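Fold and contact review
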Amino acid sequence: MLINMTQLLEIAQKEKFAVGAFNISDNALFQTVVETAEENMAPAIIEVHPTELAYAKDDFFKYVVARLSNSPIPFVLHLDHGDTIQNVLRAIRCGFTSVMIDGSLLSFADNVALTKEVVHICHQLDISVEGELGTIGAMGDTFEKGGDAVTGVAYTDPQDAKLFVEQTGVDTLAVAIGTAHGIYPDGFEPKLNLTILKQIKETVAIPLVLHGGSNNPDSEISSAVSLGVQKVNISSDFKREIYKKLAEILTTKGGWDPNNLFPDAILAGKKVVKQKMELFDSIDKAHLYETVKPWRMDSL
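Note that the structure is a prediction, hence the values are computed from the model and not measured. (Residues numbered from 1 in each chain as written. Predicted model: local features only at pLDDT ≥ 70, side-chain atom pairs only at ≥ 80, totals over all residues. Heavy atoms only, no water.)

**Describing the overall build of the chain**
The helix and strand tally for the chain stands at eleven helices and eleven strands. Evaluated residue by residue, the chain yields a buried proportion of 54% over its 300 residues. If you take every contact in the chain between residues at least 6 apart in sequence, the share linking residues at least 24 apart comes to 74%. For the chain, the computed accessible surface area is about 13100 Å², with 53% contributed by carbon and sulfur atoms. (Helix = DSSP H or I, 4+ residues; strand = E, 2+ residues; numbered from the N terminus. Buried < 20%, exposed > 50% of the residue type's maximum accessible area, 1.4 Å probe, protein only. Contact = heavy atoms within 4.5 Å. Areas by Shrake-Rupley, 256 points an atom, 1.4 Å probe, with all protein chains shown as cover.)

**Quick notes on the UniProt feature "active site" (unreviewed entry) in the chain**
The UniProt entry lists Asp-80 under the feature "active site" (unreviewed entry), expressed in the numbering used here. When you line up the elements, Asp-80 lands in strand β3 (residues 75-82). Residue class for Asp-80 comes out buried when judged on its relative accessible area of 6%. Not counting chain neighbours up to four residues away, the residues in contact with Asp-80 comprise Asn-23, Glu-47, Val-48, His-49, Pro-50, Met-100, His-211 and Asn-233. (UniProt positions renumbered as here; feature names shortened; annotations may be inferred.)

**Considerations on helix α6 (residues 108-123)**
Note on helix geometry: an α-helix contains 3.6 residues per turn, so any two residues three or four positions apart are oriented the same way. An ideal rise of 1.5 Å per residue puts 22 Å on 16 residues; α6 measures up with 22 Å between its terminal C-alpha atoms. For α6, the set of buried residues is Asn-111, Val-112, Leu-114, Thr-115, Val-118, Val-119 and Cys-122. Check the buried side of α6 and you find it contacts α5 (85-93), β4 (98-101), β5 (128-133) and α7 (158-168). (Expected span 1.5 Å × (residues − 1).)

**Regarding the environment of Ser-282**
By secondary structure assignment, the location of Ser-282 is in the segment after α11 (258-280). Discounting residues that sit within four places of it in the chain, Ser-282 has contacts with Phe-17, Ala-18, Met-41, Ala-42, Pro-43 and Met-277.

**Here's the deal with helix α2 (residues 27-39)**
Across its 13 residues, α2 extends 17 Å between first and last C-alpha, which sits within 8% of the 18 Å expected from 1.5 Å per residue. For α2, the full list of buried residues reads Ala-28, Leu-29, Phe-30, Thr-32, Val-33, Val-34, Thr-36 and Ala-37. Of the surrounding secondary structure, the elements contacted by the buried residues of α2 are β1 (19-23), β2 (44-48), α4 (58-69), β3, α10 (236-252) and α11. In this structure Asp-26 caps α2, since a side-chain oxygen of it lies 3.2 Å from the backbone nitrogen of Ala-28. (Polar contact = N/O pair within 3.5 Å; in protein donor to acceptor, adjacent residues only side chain to side chain.)

**Overview of unusual backbone geometry**
Phi is positive for Lys-57, which is not a glycine, with a value near 80°. Here Lys-57 lies in the loop between α3 (50-56) and α4.

**Describing the side chain of His-211**
Looking at where His-211 falls in the secondary structure, it is placed in the loop between β10 (208-210) and α9 (218-226). At 3.0 Å, the side chain of His-211 forms a polar contact with the side chain of His-81. A polar atom in the side chain of His-211 sits 2.7 Å from the side chain of Glu-130.

**Section: the sheet that holds β2**
Taking strand neighbours around the barrel as the criterion, the eight strands line up as β1-β2-β3-β4-β5-β8-β10-β11 in a closed arrangement whose pairing is parallel. Across the sheet, the mean angle separating the axes of adjacent strands is 25° when strand polarity is ignored. For β4 and β5, the ladder comprises three bridges, and the chain directions are parallel. Paired with Met-100 across the bridge in β5 is Glu-130. Most of the contacts of α6 go to β5, to which it runs at about 170°, and overall it touches β4 and β5. The strands touched by α7 are β5 and β8 (172-175); relative to β5, the strand with the most contacts, the crossing angle is about 150°. (Pairing = 2+ DSSP bridges. Axes fitted to C-alpha atoms, helices over the stretch in contact; angles between N-to-C directions.)

**Comments concerning the packing of α2 against α4**
Interaxial distance between α2 and α4 falls to 12 Å at its minimum, and their mutual angle equals 5°. With respect to α4, the axis of α2 lies roughly parallel. Where α2 abuts α4, its residues Asn-27, Phe-30, Val-34, Glu-35 and Glu-38 lie against Phe-60, Tyr-63, Val-64, Arg-67 and Leu-68. Per-class residue counts for the contact of α2 with α4 are six nonpolar, one polar and three charged. (Parallel < 35°, antiparallel > 145°, perpendicular 65-115°, else oblique. Nonpolar A, V, L, I, M, F, W, Y, C, P; charged D, E, K, R; others polar.)

**A look at the pairing of strand β11 (residues 229-234)**
Judged by how many residues are buried, β11 sits mostly within the fold: six of six residues are covered. Inspection of the sheet shows β1 paired to β11 by four bridges, in the parallel sense. Bridging across to β11, Ala-21 finds its partner in Asn-233. Sheet analysis places β10 next to β11, joined by three bridges and oriented parallel. Bridge pairing in β11 places Leu-208 opposite Val-229.

**Focus: the pairing of β3**
With eight of its eight residues buried, β3 lies for the most part within the structure. Where β2 lies against β3, five bridges are found, and the strand directions are parallel. Bridging from a neighbouring strand, Ile-45 pairs with Val-76 of β3. Running through α5, the crossover from β3 to the neighbouring parallel element β4 is right-handed. (Right-handed = clockwise from strand over helix to strand, strands pointing away.)

Okay, structure coming up:
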């Protein structure tokens, strides 16, 4: 069942669990997430970055939309880190039910203006909108030089978050509390600023989003969920296990047929996806959506 983010996270917020958003760009990654969700009766978010959308091509998402629509499990198809109106419109044409517009590198005023414009467009089509305030970190090369490995972090200010939500009308808000995209190097232990997260939750009523969810300690992710995070983005963690297994198979068994290479690799990825769903407490939550109506946009 394909629904929008508001439909998905309204129930997650009420029942106090989070939903994983897993980035995909081909059928193996897509199959890994969808089948794990179905096997565990867990709602899930299929997430696609603009570069992933460009790689997979629009026609692939006709299949994605059909597959999700025909599943008994609630899914959202979400654009991750869209940074232009053009990205957003492309996702809409492909049948996405939710989009992120990332104006976090802009000034506060320009971020509000861009996000508000996207909200105006998308809400007319019953498409949910995620905004971002503050900036998520990236793994730089400073760790090996004795510095802080996470670069580019600008923590979300709780009062700015309140104003941003009021002025834009976004449905969800990605907040920066110390995570980074990618895999942390050996020996580096990320520390999430849960105090800031708690302060943001005290000023903002809408569901909060945690980007850079891969490779963080389970205890901190669990604490973030308990404090009000309803969507956690995962990409590197499950992709890494899939491609590690593929490399092992190619090295030890050889062969080039996808039907021989991918089944075991997908199983490796499924183990990670299931572990994340357990961590988010989303397993066996699909039944909570039995009365939710599937998302439709007959006007397009």
